[in-house]
Amino acid sequence: MTTGQVDRTPAAAPSAAAARRRITVRGVVQGVGFRPFVHALATELGLTGHVANTGEGVVAEVEGHPEALARFVERICGEAPPLAVVEAVDGEDLAAVGEPGFRILPSRGHGTSRTLVAPDAATCDACLAELADPADRRHRHPFLTCTHCGPRFTIVTGLPYDRALTTMDRFPMCADCAREYADPADRRFHAQPIACHACGPRLRLLTADPDDRTRPPRPEHGADPVAGTRRLLANGAIVAVKGLGGYHLVCDAANDDAVTLLRRRKARGDKPFALMARHIDDIAHLVRVTDEERALLTGPQRPIVLLRRTPDPAPVPGAPALSEAVAPTSPDLGVMLPYTPLHHLLLGLPGDPPPLSTPSERGDPHGPRLLVMTSGNLAGEPIVTDDDEALRRLAHLADAWLTHDRPIRIPCDDSVVRISDGEPLFVRRSRGYAPFPLTLPVPVRPALAAGGDLKNVLCLAEGRRAWLSAHIGDMDDFATQLAFEAAEAHLETVTGVRPQLLAADRHPGYRSGQWAQRHTDGRPLVRVQHHHAHIAAAMAEHGLDGGRPVIGVAFDGTGYGDDQAVWGGEVLLADYDGYRRFGQLAYVPLPGGDTTVRRPYRMALAHLRAAGIDWADDLPPVAACPSDERRLLARQLERNLNCVPTSSMGRLFDAVSSLTGICHRVGYEAQAAVALEAAALTAGEDDGTGYTFALHTAPEGPKGRAADTLADPAPLLTAIVRDVRAGTAPGLIAARFHTAVADLVRQLCGLARERAGLGTVALTGGVFANTLLAEATAGPLREDGFTVLRHRAIPPNDGGLALGQIVVAARTTPLYGGVGVP
């Protein structure tokens, strides 16, 4: 629990036997058992009065001895329920009325809301004990929950948070649940998703006809849908399982055939699948788990945690097997633990019978202990939440559907986190964290930021709060654009923010920006440069008010530059009001746009040509490029046809990955860079000469054409070619390259400090999701006396872009004395 400001004003003088105060508690205080907590606390202290949910938070009127009132206020922060976050407690003196007892009143104030909706939370230990207890009436109930756990954000339809304003409103409580709901001494007192076997929701298992997949699925007639699903998984089937925020595609992670089939059906390429393990012990032989990673895995958020694989793990008797097809070539495994009762049931409770009477030789006799658990969608599409849509869109992906009748109000993918330098680093911030807000260091008028087109996340903000949506996805797909609209409407509903200002990326082709343009409705729209937004997001996350610029190092794959070039290797001297481009990776041609992004060998050839290095047949990217394509590419580069200049560091990573022979074609974003990092992790001690960039003063030209300092990779590429021809191990070349990039950042930041007197560095952009690079960069900068800002609350990639857009846009509007809307 995080505590905020607490009302410290003294209670009324005890001129009478009793005093009365109205206490307003703001924060995440609805749907987390806060009113029952207030009821129990007031009763314990001998206070009378009442408590209710309102659009402002939880409001209690409490009457009793002044000393008891003071203790009541103090203990609200220190003893609040585990999922509560108390941001502020305000008090107001009232006249005592002699009210008997203490009551929970019906919620009021269904208009504009300023309270905070809790994220979905993993099943608590008390509920898990009931799940496994044959004597408990909720034994094996797939939707078991209480005030300390279960769905929140994904079922909320409005505020205040009451059952009638959730997707549970269609399930009338049975007599037993109603009694628990009304009992202040019960753990489910006013637990809105309360449910049991008698009142629902209910599971249903549907199976497809393997001989005719064009036919609609049919109900599986069995006594237990969970047992039927476990049997299917043990037999190698792929099952679409409806979860908290959408459908997952699930299969046995030990079954090579099943994993390979899922990979082919989903058009996944070599992109790693996420795993769900019943316990940390089940993956201990495969990965290294630190204390910080263990805390993430077992906490209430239960994200996917990226764990470093153990090199060449030895077989462990009794440990579950893992198919090599789960995460081919990846240095990490993405692992999460069960976070719903249904997940625990699918993985098996203690004493469960084997799902098959004659288990296969490869399978575990008690059923799969590691499950592939990947989003229910095709690559590039949003996660499926609607049941009818799941049957239609997942028909060619799944053999069966384990569904239920509780609607999902809003999609919410699993969050993805890793530990870097001992602290969390988000790759995707979604389930378990959305829509919990971030505190802004500067006030903003009600505003909406549309984010970017990759890894889209939108942001609403007002005052000093900013709410980021769950992960939405890549905006190329029409279904994702519809999901964007739904997410925006839902976020307005649960926050009460009505935007007066819109912000979007400057790229004229971004669909997120085009949506914002179509929906201005007379409101100003501020276009924010991509890398300026990245840097502003890092500043805002760390509470900087913008009074002094920072050295912003923004490394990524693509960003629309002021000169219409593709930026991505930038050092900007920036605050919220603007920026100056101090350093950049020297431009090279990007021939053919997305074609080159998908084929790193093309980027390698472009970089070699720019460095004056011949395309000799002994170089890996030359050999990887078909001869006809190579001739066309040479002509394209000579004539500068369809060649946009780029300073992208992400594309340089691609080029080096191909130049070392590691990755020539990619099936998913950043695959070549991920493979390069994986190779670098295998390098041993290096006694050789490192690589360097050449630094040049940029030639004079039109405003915005170049930075003060250009980093030329030609010497680095020349050294790599020499090492490739000498037979140097690719891993060692990859490690030297990472070190060279870290050294480059150190040099540029040192120059920026000399010339501009700045001492704070923000490391941002998707390239800094590479923990090897980020740690190699941050450490030396700290040694040089810099304050280093790294992302901890939002991703460094485009999933954090909208936060930066919000704070930049707020400073360019007349309301805050800015320069107006560009």
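These numbers come from a predicted model, not from an experiment.

A. Local environment of the confidence of the model for the protein. Looking at the protein as a whole, its pLDDT mean stands at 90, while 93% of the residues score no less than 70. The low-confidence segment residues 1-15 (pLDDT under 50) makes 35 contacts with residues lying over four places distant or belonging to another chain.

B. Molecular detail of the packing of helix H17 (residues 649-659) against helix H18 (residues 671-680). Between H17 and H18, the least distance of the axes is 8 Å, while the angle of their chain directions is 60°. The pairing of H17 with H18 is recorded here as oblique in orientation. Judged by the twist between their axes, the crossing of H17 over H18 is left-handed. Packed against H17, whose contacting residues are Phe653, Asp654, Val656 and Ser657, the element H18 presents Ala672, Ala673 and Leu676 at the interface. Grouping the amino acids of the contact of H17 with H18 by side-chain chemistry returns 5 nonpolar, 1 polar and 1 charged.

C. Structural detail: the sheet that holds strand E15 (residues 400-404). Reading across the sheet, the 11 strands line up as E8-E7-E15-E9-E10-E14-E11-E13-E12-E16-E17 and stay open at both edges, with mixed pairing between neighbours. What marks the edges here is a single partner per strand, and that holds for strand E8 (218-219) and strand E17 (423-428). Along the sheet, helix H5 (residues 225-234) contacts strand E7 (203-207), strand E9 (239-242), strand E10 (247-252), strand E14 (370-375) and E15; its crossing angle with E7, the most-contacted strand, is approximately 35°. Lying on the sheet, helix H6 (residues 256-265) is in contact with E10 and E14; it crosses E10 at an angle near 145°.

D. Structural context of the layout of surface pockets. Counted as a void, the second largest pocket has a volume near 900 Å³. Per-element tally for the lining of the second largest pocket: the top contributor is H18, with 4 residues. Each residue belonging to the lining of the second largest pocket can be placed in one class, and the counts come to 22 nonpolar, 8 polar and 9 charged.

E. Highlighting empty space enclosed by the protein. All told, the structure shown has 5 cavities of 30 Å³ or more when counted by the stated rule. The wall of the largest cavity is formed by 19 residues, among which Pro142, Leu244, Thr340, Pro341 and Arg406 lie closest to the centre. Here the element with the most residues in the lining of the largest cavity is helix H8 (residues 341-347); it accounts for 3 residues. If you add up the space inside the second largest cavity, you get close to 120 Å³. Here the lining of the second largest cavity is composed, by residue class, of 10 nonpolar, 3 polar and 1 charged.

F. Representation of H5 in the model. Among the residues making up H5, those that are buried are Val226, Gly228, Thr229, Arg230, Leu233 and Ala234. Of the surrounding secondary structure, the elements contacted by the buried residues of H5 are E7, E9, E10, H8, E14 and E15. The backbone nitrogen of valine 226 lies 2.9 Å from a side-chain oxygen of the residue at the head of H5, namely aspartate 224. Positive phi shows up at glycine 236, right after H5, with a value of about 95°.

G. Structural detail: the pairing of strand E23 (residues 566-574). Burial of E23 is extensive: 9 of the 9 residues sit out of reach of the surface. Hairpin connection between strand E22 (residues 550-560) and E23: a loop of 5 residues separates the two successive antiparallel strands, and glutamine 564 in this loop has a positive phi of roughly 70°.

H. View of the packing of helix H1 (residues 34-44) against helix H2 (residues 66-78). Relative orientation of the contacting elements H1 and H2 amounts to 145°, with a least axis distance of 11 Å. For H1 against H2, the interelement crossing comes out right-handed. Two secondary-structure elements touch here, H1 through Phe34, Phe37, Val38, Leu41, Ala42 and Glu44 and H2 through Phe72, Arg75 and Ile76. Residue composition of the contact of H1 with H2, by class: 7 nonpolar, no polar and 2 charged.

I. Looking closely at H1. Extensive coverage of H1 is indicated by the burial of 8 of its 11 residues. Those residues of H1 not exposed but buried are Phe34, Arg35, Pro36, Phe37, Val38, His39, Leu41 and Ala42. Taken together, the buried residues of H1 touch strand E2 (19-28), strand E3 (48-54), strand E4 (57-64), H2, strand E5 (85-94) and strand E6 (102-104).

J. Examining the pattern of salt bridges more closely. All chains considered together, the criterion is met by 49 salt bridges. Residues aspartate 93 and arginine 21 are paired through a salt bridge, measuring 2.4 Å at the closest nitrogen-oxygen approach. Within this pair, whereas aspartate 93 is found in strand E5, its partner arginine 21 is found in strand E2, the two being separated by 72 residues in sequence. Residue aspartate 93 is classed as partly exposed on the basis of its relative accessible area, which comes to 41%. Put simply, glutamate 669 and lysine 455 hold a salt bridge, and the shortest N to O gap is 2.2 Å. A residue pair is termed long-range when its members are at least 10 positions apart, and glutamate 669 in the loop between H17 and H18 and lysine 455 in the loop between strand E18 (438-449) and strand E19 (459-468) qualify at 214 residues. Several salt bridges converge on common partners, so that one network encompasses Arg20, Arg22, Glu61, Glu63, Glu92, Glu99 and Arg103.

Procedures and definitions
Residues numbered from 1 in each chain as written. Predicted model: local features only at pLDDT ≥ 70, side-chain atom pairs only at ≥ 80, totals over all residues. Heavy atoms only, no water. pLDDT = per-residue confidence, 0-100. Contact = heavy atoms within 4.5 Å. Axes fitted to C-alpha atoms, helices over the stretch in contact; angles between N-to-C directions. Helix = DSSP H or I, 4+ residues; strand = E, 2+ residues; numbered from the N terminus. Parallel < 35°, antiparallel > 145°, perpendicular 65-115°, else oblique. Left-handed = near helix turned anticlockwise from the far one by under 90°. Nonpolar A, V, L, I, M, F, W, Y, C, P; charged D, E, K, R; others polar. Pairing = 2+ DSSP bridges. 1 Å grid on protein atoms, 1.4 Å probe; cavity = no way out; pocket = protein on both sides within 12 Å on 5 of 7 lines; lining within 4 Å. Points joined across faces, edges and corners; volume = space filled by probe spheres on them. Buried < 20%, exposed > 50% of the residue type's maximum accessible area, 1.4 Å probe, protein only. Polar contact = N/O pair within 3.5 Å; in protein donor to acceptor, adjacent residues only side chain to side chain. Salt bridge = Lys/Arg side-chain N within 4 Å of Asp/Glu carboxyl O.

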